[in-house]
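The residues making up each chain are set out below.
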Amino acid sequence: MKLLLTGFAPFGGETINPSWQAVKRIDKLDEALVFKAEIPVEWNSAFVTLEEMWKQVEPDCILMIGQAGSSDAVRIERVAINLCSPIKDNSGAYNRNKPFETRICDDGPDAYFSSFNYEKIFNALKENNIKSRFSFSAGTYLCNYLLYSVLNKINQGKSNIKAGFIHVPYANEQNKTGFPSMSLDDITKAVKIAANNII
Ligand code: PCA
(Lines give C-alpha, C1' and ligand atoms only; values in the text may rest on other atoms or scores of the structure.)
Protein backbone atom coordinates (compact mmCIF):
# COMPACT_ATOMS: atom_id res chain seq x y z
CA MET A 1 0.00 0.00 0.00
CA LYS A 2 1.19 3.50 -0.82
CA LEU A 3 0.27 6.42 1.41
CA LEU A 4 0.65 10.05 0.42
CA LEU A 5 1.13 12.04 3.62
CA THR A 6 1.09 15.82 3.53
CA GLY A 7 1.69 18.69 5.96
CA PHE A 8 1.46 22.44 5.46
CA ALA A 9 4.09 25.17 5.37
CA PRO A 10 4.11 27.71 8.23
CA PHE A 11 1.56 30.54 8.02
CA GLY A 12 0.16 33.43 10.05
CA GLY A 13 3.58 34.61 11.20
CA GLU A 14 4.71 31.22 12.55
CA THR A 15 8.17 29.89 11.75
CA ILE A 16 7.10 26.25 11.83
CA ASN A 17 3.92 24.34 11.10
CA PRO A 18 3.64 21.29 13.39
CA SER A 19 1.79 19.42 10.65
CA TRP A 20 4.82 19.39 8.35
CA GLN A 21 7.26 18.98 11.25
CA ALA A 22 5.44 15.77 12.20
CA VAL A 23 5.10 14.47 8.63
CA LYS A 24 8.77 15.17 7.99
CA ARG A 25 9.77 12.94 10.92
CA ILE A 26 7.83 9.89 9.70
CA ASP A 27 9.87 7.53 7.55
CA LYS A 28 8.53 4.09 8.23
CA LEU A 29 5.00 2.78 8.66
CA ASP A 30 3.80 -0.69 9.62
CA GLU A 31 2.37 -1.70 6.27
CA ALA A 32 2.46 1.23 3.91
CA LEU A 33 5.17 2.90 1.91
CA VAL A 34 5.05 6.59 2.76
CA PHE A 35 5.48 9.49 0.32
CA LYS A 36 5.52 13.01 1.72
CA ALA A 37 4.81 16.52 0.48
CA GLU A 38 4.91 19.95 2.09
CA ILE A 39 1.93 21.93 0.87
CA PRO A 40 2.18 25.72 0.44
CA VAL A 41 -0.42 27.84 2.23
CA GLU A 42 -1.50 29.38 -1.07
CA TRP A 43 -4.84 29.06 -2.81
CA ASN A 44 -3.19 28.84 -6.23
CA SER A 45 -0.61 26.19 -5.56
CA ALA A 46 -1.81 24.04 -2.60
CA PHE A 47 -3.84 21.48 -4.53
CA VAL A 48 -1.57 21.68 -7.59
CA THR A 49 1.38 20.62 -5.39
CA LEU A 50 -0.55 17.67 -3.96
CA GLU A 51 -1.88 16.69 -7.38
CA GLU A 52 1.63 16.51 -8.84
CA MET A 53 2.68 14.07 -6.10
CA TRP A 54 -0.58 12.14 -6.60
CA LYS A 55 0.26 11.64 -10.30
CA GLN A 56 3.82 10.53 -9.52
CA VAL A 57 3.03 8.24 -6.58
CA GLU A 58 -0.40 6.81 -7.49
CA PRO A 59 -1.24 6.35 -3.78
CA ASP A 60 -3.89 4.05 -2.31
CA CYS A 61 -4.67 6.64 0.34
CA ILE A 62 -4.03 10.27 1.07
CA LEU A 63 -3.73 11.64 4.60
CA MET A 64 -3.47 15.40 4.93
CA ILE A 65 -2.37 17.11 8.15
CA GLY A 66 -2.78 20.77 9.12
CA GLN A 67 -2.43 23.05 12.14
CA ALA A 68 -5.54 24.17 14.02
CA GLY A 69 -4.10 26.69 16.42
CA SER A 70 -7.08 26.98 18.75
CA SER A 71 -7.53 23.23 19.19
CA ASP A 72 -6.63 21.38 22.39
CA ALA A 73 -6.88 17.95 20.73
CA VAL A 74 -6.08 16.09 17.54
CA ARG A 75 -9.12 16.69 15.31
CA ILE A 76 -10.25 13.99 12.90
CA GLU A 77 -12.03 15.93 10.16
CA ARG A 78 -15.15 14.27 8.78
CA VAL A 79 -16.44 16.93 6.36
CA ALA A 80 -15.13 19.28 3.66
CA ILE A 81 -17.41 22.06 2.39
CA ASN A 82 -17.47 23.80 -0.97
CA LEU A 83 -16.69 27.22 0.44
CA CYS A 84 -13.70 29.49 1.03
CA SER A 85 -13.66 32.52 3.29
CA PRO A 86 -11.92 35.65 2.06
CA ILE A 87 -8.74 35.03 4.05
CA LYS A 88 -5.41 36.05 2.51
CA ASP A 89 -2.85 33.28 1.97
CA ASN A 90 0.93 33.43 2.42
CA SER A 91 1.29 35.35 -0.86
CA GLY A 92 -1.35 37.89 0.20
CA ALA A 93 -3.93 36.53 -2.26
CA TYR A 94 -7.57 35.54 -1.82
CA ASN A 95 -9.02 32.42 -3.40
CA ARG A 96 -9.60 33.30 -7.06
CA ASN A 97 -8.39 36.81 -6.12
CA LYS A 98 -11.87 37.62 -4.88
CA PRO A 99 -12.17 39.42 -1.52
CA PHE A 100 -15.45 37.70 -0.72
CA GLU A 101 -16.76 34.18 -0.08
CA THR A 102 -16.03 31.83 -3.00
CA ARG A 103 -16.81 28.25 -3.98
CA ILE A 104 -14.03 25.71 -4.45
CA CYS A 105 -15.72 24.03 -7.39
CA ASP A 106 -18.64 25.84 -9.07
CA ASP A 107 -20.43 22.67 -10.11
CA GLY A 108 -19.29 20.47 -7.22
CA PRO A 109 -21.54 19.27 -4.37
CA ASP A 110 -21.83 21.40 -1.23
CA ALA A 111 -19.85 18.92 0.87
CA TYR A 112 -18.02 15.62 0.98
CA PHE A 113 -17.35 13.26 3.86
CA SER A 114 -13.81 12.03 4.39
CA SER A 115 -13.40 8.39 3.42
CA PHE A 116 -10.62 7.05 5.62
CA ASN A 117 -11.19 4.74 8.57
CA TYR A 118 -11.85 7.51 11.09
CA GLU A 119 -13.15 5.18 13.83
CA LYS A 120 -10.09 2.97 13.69
CA ILE A 121 -7.88 6.04 13.91
CA PHE A 122 -9.90 7.46 16.83
CA ASN A 123 -9.68 4.19 18.77
CA ALA A 124 -5.95 3.82 18.12
CA LEU A 125 -5.31 7.38 19.33
CA LYS A 126 -7.42 6.74 22.43
CA GLU A 127 -5.51 3.55 23.24
CA ASN A 128 -2.33 5.60 23.11
CA ASN A 129 -3.76 8.30 25.41
CA ILE A 130 -3.69 11.00 22.74
CA LYS A 131 -6.51 13.49 23.18
CA SER A 132 -8.54 13.44 19.98
CA ARG A 133 -12.04 14.10 18.71
CA PHE A 134 -14.13 14.07 15.56
CA SER A 135 -14.68 17.43 13.93
CA PHE A 136 -17.45 18.35 11.53
CA SER A 137 -15.85 21.46 10.11
CA ALA A 138 -12.32 21.77 8.77
CA GLY A 139 -12.90 25.53 8.57
CA THR A 140 -13.04 27.60 5.39
CA TYR A 141 -9.33 28.16 4.76
CA LEU A 142 -6.63 26.10 3.03
CA CYS A 143 -7.14 22.86 5.00
CA ASN A 144 -10.81 22.59 4.08
CA TYR A 145 -9.91 23.67 0.52
CA LEU A 146 -7.32 20.90 0.18
CA LEU A 147 -9.56 18.19 1.64
CA TYR A 148 -12.49 19.23 -0.56
CA SER A 149 -10.30 19.36 -3.68
CA VAL A 150 -8.92 15.87 -3.03
CA LEU A 151 -12.34 14.33 -2.31
CA ASN A 152 -13.78 16.06 -5.37
CA LYS A 153 -11.08 14.65 -7.64
CA ILE A 154 -11.57 11.16 -6.17
CA ASN A 155 -15.31 11.47 -6.72
CA GLN A 156 -14.93 12.69 -10.30
CA GLY A 157 -12.52 9.90 -11.14
CA LYS A 158 -14.76 7.33 -9.46
CA SER A 159 -11.65 6.07 -7.74
CA ASN A 160 -11.72 4.19 -4.47
CA ILE A 161 -8.70 5.90 -2.93
CA LYS A 162 -9.28 6.69 0.74
CA ALA A 163 -8.62 10.24 1.89
CA GLY A 164 -8.93 12.25 5.03
CA PHE A 165 -7.66 15.18 7.05
CA ILE A 166 -6.36 15.58 10.58
CA HIS A 167 -5.84 18.90 12.34
CA VAL A 168 -3.20 19.09 15.06
CA PRO A 169 -2.83 21.72 17.81
CA TYR A 170 0.08 24.14 18.12
CA ALA A 171 3.34 22.48 19.15
CA ASN A 172 4.75 23.43 22.58
CA GLU A 173 7.85 24.48 20.65
CA GLN A 174 5.85 27.38 19.10
CA ASN A 175 5.52 28.98 22.55
CA LYS A 176 1.98 30.23 21.99
CA THR A 177 1.13 31.64 25.40
CA GLY A 178 -2.55 31.35 26.17
CA PHE A 179 -3.18 28.64 23.58
CA PRO A 180 -3.42 24.89 24.09
CA SER A 181 -0.50 22.94 22.66
CA MET A 182 1.08 19.49 22.47
CA SER A 183 4.72 18.42 22.22
CA LEU A 184 6.03 17.83 18.72
CA ASP A 185 6.86 14.28 19.83
CA ASP A 186 3.21 13.62 20.71
CA ILE A 187 1.97 15.28 17.50
CA THR A 188 4.35 13.10 15.48
CA LYS A 189 3.19 10.03 17.39
CA ALA A 190 -0.45 10.95 16.67
CA VAL A 191 0.18 11.39 12.95
CA LYS A 192 2.06 8.09 12.78
CA ILE A 193 -0.76 6.27 14.58
CA ALA A 194 -3.30 7.81 12.19
CA ALA A 195 -1.18 6.85 9.17
CA ASN A 196 -0.91 3.27 10.44
CA ASN A 197 -4.67 2.99 10.88
CA ILE A 198 -5.99 4.82 7.85
CA ILE A 199 -7.66 1.80 6.23
N1 PCA B 1 -3.88 25.17 8.81
C2 PCA B 1 -4.74 26.06 8.04
C3 PCA B 1 -4.10 26.13 6.67
C4 PCA B 1 -2.76 25.51 6.81
C5 PCA B 1 -2.75 24.87 8.12
O6 PCA B 1 -1.84 24.16 8.59
C7 PCA B 1 -6.20 25.63 8.05
O8 PCA B 1 -6.65 25.06 9.05
O9 PCA B 1 -6.92 25.88 7.08
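Residues numbered from 1 in each chain as written. Predicted model: local features only at pLDDT ≥ 70, side-chain atom pairs only at ≥ 80, totals over all residues. Heavy atoms only, no water.

*Asks:* So what about the site of the ligand? Which residues, and what values?
*Replies:* Residues in close proximity to the ligand include Phe-8, Phe-11, Asn-17, Gly-66, Gln-67, Tyr-141, Leu-142, Cys-143 and His-167, which together make up its full environment. At 3.4 Å from an oxygen atom of the ligand is found a main-chain nitrogen or oxygen belonging to Leu-142. Within the backbone of Cys-143, an N or O atom sits 2.9 Å from an oxygen atom of the ligand. Here the ligand, which alone exposes 260 Å², has 94% of that area covered by the protein. Broken down by class, the residue content of the shell around the ligand amounts to five nonpolar, four polar and no charged. (Near = heavy atom within 4 Å. Polar contact = N/O pair within 3.5 Å; in protein donor to acceptor, adjacent residues only side chain to side chain. Areas by Shrake-Rupley, 256 points an atom, 1.4 Å probe, with all protein chains shown as cover. Nonpolar A, V, L, I, M, F, W, Y, C, P; charged D, E, K, R; others polar.)

*Asks:* Tell me about the layout of surface pockets, residues and numbers included.
*Replies:* What the largest pocket holds in volume is close to 210 Å³. Where the lining of the largest pocket is concerned, the elements lending two or more residues are strand S3 (61-67) and helix H4 (142-156). When its residues are assigned to classes, the lining of the largest pocket shows eight nonpolar, eight polar and one charged. (1 Å grid on protein atoms, 1.4 Å probe; cavity = no way out; pocket = protein on both sides within 12 Å on 5 of 7 lines; lining within 4 Å. Points joined across faces, edges and corners; volume = space filled by probe spheres on them. Helix = DSSP H or I, 4+ residues; strand = E, 2+ residues; numbered from the N terminus.)

*Asks:* Can you lay out the pairing of strand S1 (residues 2-8) for me, pointing to particular residues and giving the numbers?
*Replies:* For S1, the tally of buried residues reaches six of seven residues, placing the bulk of the element in the interior. A crossover connection joins S1 to the parallel strand S2 (residues 33-39) through helix H1 (residues 18-24); in handedness this β-α-β unit is right-handed. Note: S1 against S3, four bridges, orientation parallel. Bridging across to S3, Leu-3 finds its partner in Cys-61. (Buried < 20%, exposed > 50% of the residue type's maximum accessible area, 1.4 Å probe, protein only. Right-handed = clockwise from strand over helix to strand, strands pointing away. Pairing = 2+ DSSP bridges.)

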